[in-house]
Amino acid sequence: MSDGKPDGAGGAGLSTRAVELVVALLVGLGGAVTMFDSVRIGAKWGSDGPEAGYFPFLVGTSLLLASLWIVASVLARWKQLAGSTFVEYERLKPVLTMLLPTIAYVVLIKLVGLYVASALFIGAFMVWKGRYGWLATLAVALGVPVALFLLFEIWFLVPLPKGPVEHLLGY
């Protein structure tokens, strides 16, 4: 930091300590929100057993304690972590090549339903990353959503997000 540049090798990547602190604080925030809402719905041990918020309160407490542990650990190693880069762009690129299509998949679920989105997602990855042929790709990309449909919708009677194709088929 003596050269006036932020932590992380002159801006070439994200600072390790900054990333660890931000993630720890987000986990702590999630734990605190969970604890607060658990108390709202009842987090005590009632006469007939635990109330609805009892176990979520324990999970929230665990998250908050883990967050505090990480923050204390980062602060204890503050000087040691100075200048260390959490991730450089070249190492982040493969992660983004998986993350961005996965985000698109989640958006696609809302638009066309889980089964069609899954078929497209599986098929695209089989061709793009796996370099599979069209026959294997079609078999798996169509077979997996059909199997999941039978398992969840027909046998377990668990409704999952559907789109126009499922509505045309009467589901």
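Bear in mind that the values here come from a model prediction, so they are computed numbers and not experimental data.

1. Quick word on the layout of surface pockets
What the largest pocket holds in volume is close to 190 Å³. Along its surface, the largest pocket is lined by Tyr115, Val116, Ala119, Leu142, Pro145, Val146, Phe149, Val165, Glu166, Leu169 and Tyr171. Among the elements of the structure, helix H5 (114-128), helix H6 (134-155) and helix H7 (164-168) are those that each provide at least two residues to the lining of the largest pocket. Examining the composition of the lining of the largest pocket, we find that 4 residues originate from one element, H6, more than from any other. Of the residues belonging to the lining of the largest pocket, the class tally is 10 nonpolar, no polar and 1 charged.

2. Some remarks on the packing of H5 against H6
Between H5 and H6, the shortest axis-to-axis distance is 9 Å and the interhelical angle comes to 150 degrees. Between H5 and H6, the crossing angle belongs to the class labelled roughly antiparallel. When the axes of H5 and H6 are compared, the crossing they make is right-handed. Residues Tyr115, Ser118, Ala119, Ile122, Gly123, Met126 and Val127 of H5 pack against Trp134, Ala136, Thr137, Val140, Ala141, Leu142, Val144, Pro145, Leu148, Phe149, Phe152 and Glu153 of H6. In the contact of H5 with H6, the residues fall into 15 nonpolar, 3 polar and 1 charged.

3. Quick word on the nonpolar core
Listed in full, the 6 residues of the largest apolar core are Tyr105, Ile109, Leu114, Tyr115, Ala117 and Phe149. Elements represented by at least two residues in this core include exactly helix H4 (89-112) and H5. In terms of residues, this core owes the most to one element, H5, which gives 3 residues. Excluding its chain neighbours within four sequence positions, the residues that come into contact with Ala117 are Tyr105, Leu108, Ile109 and Val112. Membership of the second largest hydrophobic core comes to 5 residues, among which are Leu21, Ala24, Val74 and Leu81.

Thresholds, definitions, all that
- Residues numbered from 1 in each chain as written.
- Predicted model: local features only at pLDDT ≥ 70, side-chain atom pairs only at ≥ 80, totals over all residues.
- Heavy atoms only, no water.
- 1 Å grid on protein atoms, 1.4 Å probe; cavity = no way out; pocket = protein on both sides within 12 Å on 5 of 7 lines; lining within 4 Å.
- Points joined across faces, edges and corners; volume = space filled by probe spheres on them.
- Helix = DSSP H or I, 4+ residues; strand = E, 2+ residues; numbered from the N terminus.
- Nonpolar A, V, L, I, M, F, W, Y, C, P; charged D, E, K, R; others polar.
- Axes fitted to C-alpha atoms, helices over the stretch in contact; angles between N-to-C directions.
- Parallel < 35°, antiparallel > 145°, perpendicular 65-115°, else oblique.
- Left-handed = near helix turned anticlockwise from the far one by under 90°.
- Contact = heavy atoms within 4.5 Å.
- Core = buried A, V, L, I, M, F, W, Y, C linked by side-chain atoms within 4.5 Å.
- Buried < 20%, exposed > 50% of the residue type's maximum accessible area, 1.4 Å probe, protein only.

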